[in-house]
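# Structure assessment
Given next are the chains, with one letter for each unit.
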Amino acid sequence: TTKVHLGKPPWSVGTFLTRGTHKAGRLLGLIPKAEVSVHTVQRGEFSGFPGYLWLLREVFLARDRYRLYVKARRFATNWGLVICDRFPLPHIMLLDGVQAGHIIQPEQANWLTRYLLKQEAHYYRHIMPPDILIVLRLDPEIAVQRRFGEDPDWIRGRSEEIWSVNWQKTSAHIVDSGQPKALVLDNIKSIVWPRL
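I will try to describe carefully the structure that is included in this document.

About the thresholds
- Residues numbered from 1 in each chain as written.
- Predicted model: local features only at pLDDT ≥ 70, side-chain atom pairs only at ≥ 80, totals over all residues.
- Heavy atoms only, no water.
- Helix = DSSP H or I, 4+ residues; strand = E, 2+ residues; numbered from the N terminus.
- Rg over C-alpha atoms; globule rule 2.2 N^0.38 Å.
- Buried < 20%, exposed > 50% of the residue type's maximum accessible area, 1.4 Å probe, protein only.
- Contact = heavy atoms within 4.5 Å.
- Areas by Shrake-Rupley, 256 points an atom, 1.4 Å probe, with all protein chains shown as cover.
- Lys, Arg positive; Asp, Glu negative; His and termini not counted.
- Charge placed at Lys NZ, Arg CZ, Asp CG, Glu CD.
- Core = buried A, V, L, I, M, F, W, Y, C linked by side-chain atoms within 4.5 Å.
- Salt bridge = Lys/Arg side-chain N within 4 Å of Asp/Glu carboxyl O.
- Axes fitted to C-alpha atoms, helices over the stretch in contact; angles between N-to-C directions.
- Parallel < 35°, antiparallel > 145°, perpendicular 65-115°, else oblique.
- Left-handed = near helix turned anticlockwise from the far one by under 90°.
- Patch = residues over 30% accessible without salt bridge, like charges linked within 9 Å, V, L, I, M, F, W, Y side chains within 5 Å.
- Expected span 1.5 Å × (residues − 1).
- Phe/Tyr/Trp six-rings, centres within 6.5 Å; stacked < 30°, edge-to-face > 60°.

Summing up its helical and strand segments, the protein chain has 8 helices and 4 strands in all. Along its sequence from the N terminus, the protein chain presents helices and strands in the succession β-α-α-α-β-α-α-β-α-α-β-α. For the protein chain, whose C-alpha radius of gyration is 18 Å, the value lies close to the compact-globule estimate of 16 Å for 196 residues. For the protein chain, the residues scored as buried account for 38% of the 196 residues in total. In the protein chain, once contacts between residues fewer than 6 apart in sequence are set aside, the share between residues at least 24 apart is 75%. Surface accessibility of the protein chain: about 12,300 Å² in total, with carbon and sulfur atoms responsible for 59%. In the protein chain, which carries 27 positive and 18 negative side-chain charges, the distance between the mean positions of the two groups comes to 8 Å.

Printed below as a string of structure tokens:
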């Protein structure tokens, strides 16, 4: 048994370089300090083209996630059990999945932009659905209380998105994570054990 966090995969050299350059550019005032994400765009905190460096960073992140996914899939194929946290899902926009494709408008896309968007989508398209999908669904206000010290708007927005998805149209098993921890674990075990 092993566990992987697909939301935070190990960085490749490309990711390290683009993130480092992006951070240095922000410190030197060469790149706007506004954080670019689907969340900030939806809240009206960012508009316009995020820049090629940001776009390249998202492509490298997609590749890092895909590589970690391939490693996890290989382990599972060899009779291993892999527990994945923050698995990229097409109907979740605020967490781990296509970002650039949701932010960049068609009128902003030249040949280079279209190529990079295609690369980002390519990596996520090749991440196949998990064998068992368990969604820990939590009331957004409880989520904010539990993550004290973090940006409440970010936590609330993330939880509201998961809360509002119609999971009945998916293969997901929904677990109410507002319950006591022991009960949540019992529910998860009752879903996983019969499949082993």
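Leu55, Ile92 and Trp167 are the most contacted members of the largest nonpolar core, which totals 32 residues. Per-element tally for this core: the top contributor is helix 3 (residues 52-77), with 7 residues. Dropping the residues within four chain positions of it, Ile92 is found in contact with Glu161, Ile162, Val165 and Trp167.

The next thing to look at is the pattern of salt bridges. For the structure on display, the rule yields 7 salt bridges. Where Asp153 meets Arg156, a salt bridge forms, and the shortest distance between an N and an O atom there is 3.4 Å. Linking Asp153 with Arg156, this pair stays in helix 7 (residues 152-164), spanning 3 residues, or about one helical turn. Residues participating in the shared-partner salt-bridge network are Arg65, Arg86 and Asp96.

So, about the packing of helix 1 (residues 13-27) against helix 3. Across the interface, helix 1 lies against helix 3 with an axial gap of 9 Å and an inter-helix angle of 150°. With respect to helix 3, the element helix 1 is oriented roughly antiparallel. Helix 3 is crossed by helix 1, and the crossing has left-handed handedness. Side by side, helix 1 and helix 3 meet where Gly14, Thr15, Thr18, Arg19, Thr21 and His22 of the first sit next to Leu53, Trp54, Leu56, Arg57, Phe60, Leu61 and Asp64 of the second.

The next subject is the packing of helix 3 against helix 5 (residues 111-125). The contact between helix 3 and helix 5 brings their axes to 8 Å, and the two run at 20°. As far as their axial angle goes, helix 5 and helix 3 are roughly parallel. Between helix 3 and helix 5 lies a crossing whose hand is left-handed. Here Tyr52, Leu55, Leu56, Glu58, Val59, Ala62, Arg63, Arg65 and Tyr66 of helix 3 lie close against helix 5, whose contacting residues are Leu112, Thr113, Leu116, Leu117, Gln119, Glu120, Tyr123 and Tyr124.

A contiguous nonpolar patch, built from Trp11, Val13, Phe16 and Leu17 and spanning about 480 Å² of accessible area, is present on the exposed surface. For Leu17, the position within the fold is in helix 1.

Moving on, we get to helix 3. The terminal C-alpha atoms of helix 3, which comprises 26 residues, lie 37 Å apart, in line with the 38 Å expected from a rise of 1.5 Å per residue. One or two steps after helix 3, the chain reaches Trp79, where phi turns positive at roughly 70°.

Attention now goes to the packing of aromatic side chains. Taken as a whole and assessed by the stated rule, the structure comprises 4 aromatic pairs. Between Phe49 and Tyr52, the aromatic rings sit 5.1 Å apart at their centres with planes inclined by 65°, giving edge-to-face as the arrangement. The partly exposed category is assigned to Phe49, whose relative accessible area is 30%. Classification of Tyr52 as partly exposed rests on a relative accessible area of 36%. With centroids separated by 5.9 Å and ring planes inclined at 40°, the aromatic side chains of Tyr66 and Tyr123 adopt a geometry described as tilted. On the criterion of sequence distance, the pair formed by Tyr66 in helix 3 and Tyr123 in helix 5 is long-range, its members being 57 residues apart. The buried category is assigned to Tyr123, whose relative accessible area is 15%.

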